[in-house]
Amino acid sequence: MMNVVLVGCGAMSRQWLDAARQIDGLTIAGLVDLDAERAKARAHEYDLTGIVIGTSLDAVLDQTRPDAVFDVVVPAARREVALSAFAHNCHLLTEKPLADSPENARAIVEAARQARRIHAVVQNRRYVANVRRIRRFLDSGAIGAATSIHADFFVAPHFGGFREEMAHVLLLDMAIHTFDAARYMAGGEPAGVYCQEWEPASSWYRQGSSASAVFDLGGGKVFTYAGSWCADGFRTSWEGSWRIVAERGSLIWDGHDLLKAEVVATGRDGLFAKTQPIDVPPLDPADRVGGHLGIIRDFMHAIETGTEPETHGADNIKSLAMVFGAIESAETGRRVAITQETL
């Protein structure tokens with residue numbers, strides 16, 4: 001059994017609560033939101049009767065004494081929520097991004113370490129089936145080690161609200177999904193980045209809707225990212241469109257169901273080495289999937305066993321460092337090194 005308080009009852013909280021009610025042994029003990037009526041409405045929507053509802057996380061934690069906190073607040077409030085959770089001896093699962101600044105990210109990770117509490121981030125793209133398949137396929141060595149990873153992300157959502165007023169909106173609010181997936185699939189660690197942002201004439205965002213970045217992932221691996229949140233027509237999947245070039249072949253994934261690979265064969269066809277298709281194996285039964293549901297289950301398992309979840313904060317901060325490195329590069333116009341000191 002695990003009792004949980006969820007803080008932040010905006011639209012994203014529905015994904016968390018949809019997943020939570022599918023898990024036996026997980027009980028929502030309280031809801032917290034600055035708008036008490038919104039929290040009450042969410043409790044009614046999910047038939048959460050007899051729970052504690054409030055506007056103060058500290059007060060609700062004092063009343064409920066839960067095992068864990070689910071953090072679905074805006075990034076600017078994440079540090080305050082984390083420190084409150086750890087002060088009440090709670091484990092913490094947080095929506096991405098881990099924090100709104102490198103300093104706050106480091107403070108949260110350190111606070112979790114000192115409190116000896118499990119702290120993880122909902123990096124749900126890792127729990128997409130084809131992301132798991134790609135990682136396992138590359139680990140098999142079937143086409144050799146990855147040398148370059150390329151991702152395109154072009155969609156044009158009209159969100160309204162805070163996103164359209166944000167600075168660095170694409171990098172800060174969305175790109176971490178793609179950055180983390182690239183780091184995971186290729187097994188790389190970020191070492192440096194050059195990034196440029198721009199605002200197309202047709203954009204309805206204040207700043208940073210379009211960006212292009214080149215990352216050094218160490219070990220000879222390069223990751224290129226091209227993205228826009230105001231590119232109408234021929235939109236990609238929300239997962240992006242991928243090409244991974246390896247020592248003896250390549251893999252492409254359209255972000256939907258198309259996933260295929262080719263490996264170098266014997267002989268040449270004029271100027272080019274011959275290639276042949278190679279199967280990408282189906283999902284392995286051991287691979288964990290399920291988006292928010294899979295991550296929450298892993299989080300609970302980590303608490304029960306005392307192990308670290310895959311997306312624990314001390315690892316996820318490396319993906320966040322890619323975001324803040326890209327932002328710094330875009331602001332300064334220079335390449336930015338990503339080192340242990342900047343994580």
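In this numbering scheme, every chain counts its residues from 1 along its sequence in written order. Where totals are concerned, whole chains, interfaces and linings use all residues; where local detail is concerned, this predicted model gives features only for residues with pLDDT of at least 70, and gives and counts side-chain atom pairs only at 80 or more. Hydrogens and water are ignored here; the side-chain numbers use all heavy atoms of the structure.

*Asks:* A description of the state of the cysteines should follow, citing residues and the corresponding values.
*Replies:* The criterion for a disulfide is a pair of cysteine sulfur atoms lying within 2.5 Å. Evaluation of the coordinates by the stated rule reveals 0 disulfides. This cysteine, cysteine 9, is not joined by any disulfide, and cysteine 90 carries the nearest cysteine sulfur, 16 Å off. In this structure cysteine 9 comes out as buried when scored by relative accessible area, which is 0%. Exposure is judged per residue with a 1.4 Å probe applied to protein chains only, and the accessible area is read against the type maximum: over 50% gives exposed, under 20% gives buried, and values in between give partly exposed.

*Asks:* Which residues make up the packing of helix 8 (residues 175-186) against helix 10 (residues 313-332), and what are the values?
*Replies:* Packing of helix 8 against helix 10 brings their axes to within 9 Å, and their N-to-C directions diverge by 125 degrees. Of the possible angle classes, the one that applies to helix 8 and helix 10 is oblique. In this structure, helix 8 crosses over helix 10, and the sense of that crossing is right-handed. Along its contact with helix 8, which presents Ile176, Phe179, Asp180 and Arg183, the element helix 10 presents Asp315, Asn316, Lys318, Ser319, Leu320, Met322 and Val323. For this scheme, ten residues count as nonpolar: Ala, Val, Leu, Ile, Met, Phe, Trp, Tyr, Cys and Pro. Four count as charged, namely Asp, Glu, Lys and Arg, and the remainder, Gly too, count as polar. A per-class count over the contact of helix 8 with helix 10 returns 5 nonpolar, 2 polar and 4 charged. To get an axis, fit a line to the C-alpha atoms, keeping to the stretch in contact for a helix; angles then go from 0 to 180 degrees between the N-to-C directions. Going along the chain from the N terminus, every DSSP run of H or I of four or more residues is numbered as a helix, and every run of E of two or more is numbered as a strand. Each angle receives one of four descriptions, namely roughly parallel if under 35 degrees, roughly antiparallel if over 145, roughly perpendicular if within 65 to 115, and oblique otherwise. By definition, turning the near helix anticlockwise from the far helix through less than a right angle yields a left-handed crossing, and turning it clockwise yields a right-handed one. In this analysis, two residues are considered to be in contact whenever any of their non-hydrogen atoms come within 4.5 Å of each other.

*Asks:* If you had to explain the UniProt feature "domain: Gfo/Idh/MocA-like oxidoreductase N-terminal" (unreviewed entry) in the protein chain to someone new, which residues and values would you point to?
*Replies:* UniProt positions are given in the numbering used here, feature names are shortened, and annotations may be inferred rather than shown by experiment. According to UniProt, the feature "domain: Gfo/Idh/MocA-like oxidoreductase N-terminal" (unreviewed entry) maps to residues 2-119 in the numbering used here. The distance separating the terminal C-alpha atoms of residues 2-119 is 15 Å; by composition the span is 42% helix and 22% strand.

*Asks:* Can you break down the sheet that holds strand 4 (residues 68-71) residue by residue, with the values?
*Replies:* If you trace the 6 strands from one edge of the open sheet to the other, you get 3-2-1-4-5-6, paired in parallel fashion. Each of the sheet's edge strands pairs with one partner strand only, and the pair in question is strand 3 (52-54) and strand 6 (119-122). Along the sheet, successive strands turn relative to each other by an average axial angle of 25 degrees, direction set aside. When DSSP finds at least two bridges between two strands, those strands are taken to pair.

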